[in-house]
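Given next are the chains, with one letter for each unit.
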Amino acid sequence: MGDDEHQHDFQEAGSGASATYPIQCSALRKNGYVLLKGRPCKIVEMSTSKTGKHGHAAIHLVGLDIFTGKKLEDISPSTHNMDVPNVSRNEYQLLNVDDNFLSLMTNDGSTKDDVRVPEGEMGKSLEADFNDGKELLVTVINAMGEEAVVSYKEAPKS
């Protein structure tokens, strides 16, 4: 047995925090987050059906995709586990709007240039307010490697 058999090449190691974690379906709550059909969603409606002849209560979940706003539904036995996405919200100071991307300043002073201008009315009013010279704080939601602007507000005058 040569030593070269035991050489492993580990390219990448994450922080150990996975994109999702399991939780029993019956422990989910309205306004919480859950993965429906592989998409991170906010639960807007839940209903429980009676236990059937096979003995499991089924939970009917309705959620809105936190990035696209699309409505998704799923039915799961209450005793089964569902995946819940790790969702984080961060506030950044808006530095610039360039070619449909926002240039944001993080808390440690570095810049972040990979967040898209939000679609629709919010994106238009954000750009208009920025072009009017207002200092803006942008709230970005992050889940499963995707990011999107969920809101923005004028920075408090110091």
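As a reminder, the structure under discussion sits directly above these lines.
Residues numbered from 1 in each chain as written. Predicted model: local features only at pLDDT ≥ 70, side-chain atom pairs only at ≥ 80, totals over all residues. Heavy atoms only, no water.

## What about helix 1 (residues 120-131)?
Inclusion rule: Counting from the N terminus, the helices are the DSSP runs of H or I reaching at least four residues and the strands are the DSSP runs of E reaching at least two. Take the number of residues in a helix, subtract one, and multiply by 1.5 Å to get its expected span. Throughout, exposure labels follow a simple rule: accessible area from a 1.4 Å probe, protein chains only, divided by the maximum for the residue type, with under 20% read as buried, over 50% as exposed, and the rest as partly exposed. The directions considered for the arc run from the helix axis to the C-beta atoms.
Between its first and last C-alpha atoms helix 1 spans 17 Å; for 12 residues at 1.5 Å apiece the expected length is 16 Å, and the two agree. Within helix 1 the residues assigned to the buried category are Gly123, Leu126, Asp129 and Phe130. Here the buried residues of helix 1 occupy an arc of 135° about the axis, which is enough to place them on one side. What points out from helix 1, more than 90 degrees from its buried face, is the exposed set Glu121, Lys124 and Asn131.

## A closer look at the sheet that holds strand 4 (residues 58-65)
Counted only if it meets this: DSSP-based pairing: two strands are paired if at least 2 bridges between them are found. Comment: axis = line fitted to C-alpha atoms, over the contacting stretch for helices; angle = value between 0 and 180 degrees taken between N-to-C directions.
Within the open sheet, the four strands sit side by side as 2-3-4-5. Their pairing is antiparallel. The sheet terminates laterally at strand 2 (33-36) and strand 5 (71-77), the two strands that pair on one side only. Strand-to-strand twist in this sheet, taken as the mean axis angle between neighbours without regard to direction, amounts to 50°. The pairing of strand 2 with strand 3 (residues 39-48) spans four bridges and is classified as antiparallel. Across the sheet, residue Leu36 finds its bridge partner in strand 3, namely Arg39.

## Things to note about the side chain of Thr106
We apply this condition: Whenever a nitrogen or oxygen atom comes within 3.5 Å of another N or O atom, the pair is scored as a polar contact, on the condition that within protein one atom can donate a hydrogen and the other can accept it, and that pairs from neighbouring residues in sequence are kept only if both atoms are in side chains. It only takes one pair of heavy atoms within 4.5 Å for two residues to be counted as in contact.
Along the chain, Thr106 turns up in the loop between strand 8 (101-105) and strand 9 (111-116). Using a relative accessible area of 17% as the deciding quantity, one classes Thr106 as buried. A polar contact is formed between the side chain of Thr106 and the side chain of Ser110, at a distance of 2.8 Å. What Thr106 contacts, discounting residues up to four positions off in sequence, is Tyr92 and Lys112.

## Observations regarding the sheet that holds strand 8
With antiparallel pairing, the five strands of this open sheet are ordered in space as 9-8-7-10-11. The open sheet has two edge strands with one neighbour each: strand 9 and strand 11 (146-154). On average, each strand axis in the sheet is tilted by 45° relative to the strand beside it, whichever way the strands run. Across five bridges, the pairing between strand 7 (residues 87-98) and strand 8 is antiparallel. Following the sheet pairing, Gln93 is matched in strand 8 by Met105.

## Here's the deal with the pattern of salt bridges
Keep this limit in mind: Any Lys or Arg side-chain nitrogen found within 4 Å of a carboxyl oxygen on Asp or Glu counts as a salt bridge.
Inspection of every chain in the model, using the stated rule, returns six salt bridges. The partner of Asp114 in a salt bridge is Lys112, and the shortest N-O contact between them spans 3.1 Å. In this structure, Glu147 engages Lys112 in a salt bridge whose closest nitrogen and oxygen atoms are separated by 3.1 Å. On the criterion of sequence distance, the pair formed by Glu147 in strand 11 and Lys112 in strand 9 is long-range, its members being 35 residues apart. By relative accessible area, Lys112 is classed as buried at 14%. When salt bridges that share partners are traced, they join Arg39, Asp65 and Glu146 into one network.

These results come straight from atomic positions and should not be treated as a statement about function.
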